[in-house]
Amino acid sequence: MKSREKDIFKVEEALIRFHRRPETYEARPFWAKKLMARVRAEKMPLDDFSRAGGIVWRLASVTCLLAVFLAFYASGLNVETQYQVVELIFDEPSGLDLAHLFASL
Amino acid sequence: MTHSHKEPQDSEIISRILGGDVNAFELLVERYKSLIFGIVMKHVPYDRVEDVAQDSFLEIFRSLGSYAAKSPFSHWLSKITVRCCYDFWRQHRSNHEQVLSSLSEDSQQWLDTVMAGRSRENFEQEASGREAREILSHALGHLSAKDRVVLTLVHLEGRSVKETSDLLGWSQISVKVRAHRSRSKLRKVISDLLDGRQERE
């Protein structure tokens, strides 16, 4: 029993010596840069320009979705595009002149 | 930590950071990284040292506003770092099964060498290898995060109960009880290892 206590003590001592040995750690080259990037992200508030940029991009995605939706909607109406264009031209007096011009050619 | 008169004092750097000069934090990182790494590498696995050191610095940055300059800045940094190491083990407790896997043949041999009781010089040599690290990880893997951090600070590093309680923000009684309990657990693990070694023989 006493011998077992002694053995445990020996191992304990060896582990303590191992733990207390002086050692240094060399961090990888980009460690500090990565840390500073995290620090800046932590505190740096977004400036007005960045905030405006975010709004523009959000609006762009909404606009794209709207365009796709309208394209689907228009394709379902079965209206001839050419007819619509002619109608638009003839609704305007200037458009009428333009139509005459084209007719005379 | 003492600095030459050309270098800005810690308090000046802190004021600059709190005033919005975030880049000044780099000066503190450069000044105290050896202290932080020195603490972290004694508490967490080698491959996680950089991550935990980074988390510690980030926590230091977040808490800078609460530094009251009542204690030395290095002591305040140590407190935060030790608590980050403790948090690491609280979060990674589920991984301890990996640590409890059987020891390598080399580690068993390391135990044999230690038990042979050689001279002090050999002893120093024996205590500097990968095997010692494996055995220590194995032993600490049996402990809870609380027991682990107290055992490391009090028993392995030789810090006083008062200092440990201050670092962890726990009562001295709690640290004392845990230090005693965790040491008993460590001794039990070592005893089991020695039993396993005898069975092998």
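All values derive from a computational prediction rather than experimental measurement. Here the residue numbering is sequential within each chain, running from 1 through the sequence in written order. All chains are assigned letters beginning with A, and all ligands numbers beginning with 1, in the order in which they are written. Per-residue local features of the predicted model are confined to residues with pLDDT of at least 70, and side-chain atom pairs are confined, for both listing and counting, to 80 or more; whole-chain, interface and lining totals are unaffected and use all residues. With hydrogens and water stripped out, all remaining heavy atoms of the structure feed into the side-chain values.

Draft legend 1. Main features of the overall build of chain A. For chain A, the count of helices and strands is five helices and zero strands. Helix and strand definitions here come from DSSP, where helices need a minimum of 4 consecutive H or I residues and strands a minimum of 2 consecutive E residues; each element is numbered from the N-terminal end. Along chain A, helices and strands appear, N-terminal first, in the series α-α-α-α-α. For chain A, with 105 residues in total, the buried portion stands at 17%. In the form shown here, chain A has an accessible surface area of approximately 8900 Å², with 66% of it arising from carbon and sulfur atoms. For each residue, the accessible area found with a 1.4 Å probe, counting protein chains only, is set against the maximum for its type, and the residue is called buried under 20%, exposed over 50%, and partly exposed in between. Only the protein chains shown count as cover for residues, with accessible areas throughout obtained via the Shrake-Rupley method and a probe of 1.4 Å.

Draft legend 2. Focus on empty space enclosed by the protein. Residues and elements named next belong to chain B. Put plainly, a pocket is an open set of points on a 1 Å grid over the protein atoms alone with protein on both sides within 12 Å along at least five of seven lines, a cavity is a set where a 1.4 Å probe fits but cannot get out, and a lining residue has an atom within 4 Å of a point. Grid points are joined across faces, edges and corners, and a volume is the space filled by probe spheres set on the points. Within the structure shown, the criterion is met by two cavities of 30 Å³ or more. What lines the second largest cavity is His43, Cys85, Tyr86, Trp89, Arg148, Val149 and Thr152. Of all the elements in the fold, those that place two or more residues in the lining of the second largest cavity are helix 4 (73-91) and helix 9 (145-156). Residue classes follow a fixed rule: Ala, Val, Leu, Ile, Met, Phe, Trp, Tyr, Cys and Pro count as nonpolar, while Asp, Glu, Lys and Arg count as charged, and any other residue, Gly among them, counts as polar. Looking at side-chain class alone, the lining of the second largest cavity contains four nonpolar, two polar and one charged residues. Here the lining of the second largest cavity spans two domains, and each of domain 1 (9-92) and domain 2 (95-201) adds at least three residues to it. Segmentation of the chain into domains, including their bounds, is taken from an automatic or database domain assignment.

Draft legend 3. Region of the structure containing a nonpolar patch on the surface. Any residue with relative accessible area above 30% and no salt bridge may belong to a patch, with like charges joined within 9 Å and the nonpolar Val, Leu, Ile, Met, Phe, Trp and Tyr side chains within 5 Å. Counted as salt bridges are all cases of a side-chain nitrogen of Lys or Arg within 4 Å of a carboxyl oxygen of Asp or Glu. On the surface, Leu66, Phe69, Leu70 and Tyr73 of chain A cluster together to form a nonpolar patch covering roughly 460 Å² of accessible area. Accessibility expressed as a relative area gives 55% for Phe69 of chain A, which makes it exposed.

Draft legend 4. Region of interest: the domain arrangement of chain B. Residues and elements named next belong to chain B. Domain assignment breaks chain B into domain 1 (9-92) and domain 2 (95-201). Note on contacts: a residue pair qualifies if any of its non-hydrogen atoms lie within 4.5 Å across the two residues. The interface is formed by twelve residues belonging to domain 1 together with 15 residues belonging to domain 2. Reported buried area values correspond to the accessible surface (1.4 Å probe) lost by two parts on association, with both partners' losses combined. Here domain 1 packs against domain 2, burying approximately 1300 Å² in sum over the two surfaces, 62% of which is carbon and sulfur. The interface formed by domain 1 and domain 2 includes one salt bridge. Between N or O atoms, a polar contact is any pair within 3.5 Å; within protein, one atom must be a potential hydrogen donor and the other a potential acceptor, and residues adjacent in sequence are included only when both atoms are from side chains. Taken together, the links from domain 1 to domain 2 amount to four residue pairs in polar contact (both at pLDDT 80 or more). Here the residues of the side of domain 1 that touches domain 2 sort into four nonpolar, four polar and four charged.

Draft legend 5. Geometry of the confidence of the model for chain B. Of the residues in chain B, 85% have a pLDDT of 70 or more, and the chain-wide mean is 85. For this predicted complex, the interface confidence reaches an ipTM of 0.82, while the overall pTM sits at 0.71. pLDDT expresses, on a scale from 0 to 100, how confident the predictor is about each individual residue.

Draft legend 6. Fine view of the environment of Thr81 of chain B. Residues and elements named next belong to chain B. As for its placement among the helices and strands, Thr81 is situated in helix 4. Note: C-alpha distance between Thr81 and Leu168 (87 residues apart in sequence) is 9.9 Å. Apart from the residues lying within four places of it in its own chain, the contact partners of Thr81 are Ile36, Ile39, Val40, Ser56 and Ile60.

Draft legend 7. Representation of the interface of chain B and chain A in the model. Counting residues at the interface gives 46 residues for chain B and 32 residues for chain A. Note on chain B versus chain A: buried area summed over both sides is about 4200 Å², and carbon and sulfur give 62% of it. Linking chain B with chain A are eight salt bridges. With a shortest N-O distance of 2.6 Å, Glu42 of chain A and Arg62 of chain B are connected by a salt bridge. Linking chain B to chain A there are 20 residue pairs in polar contact (both at pLDDT 80 or more).

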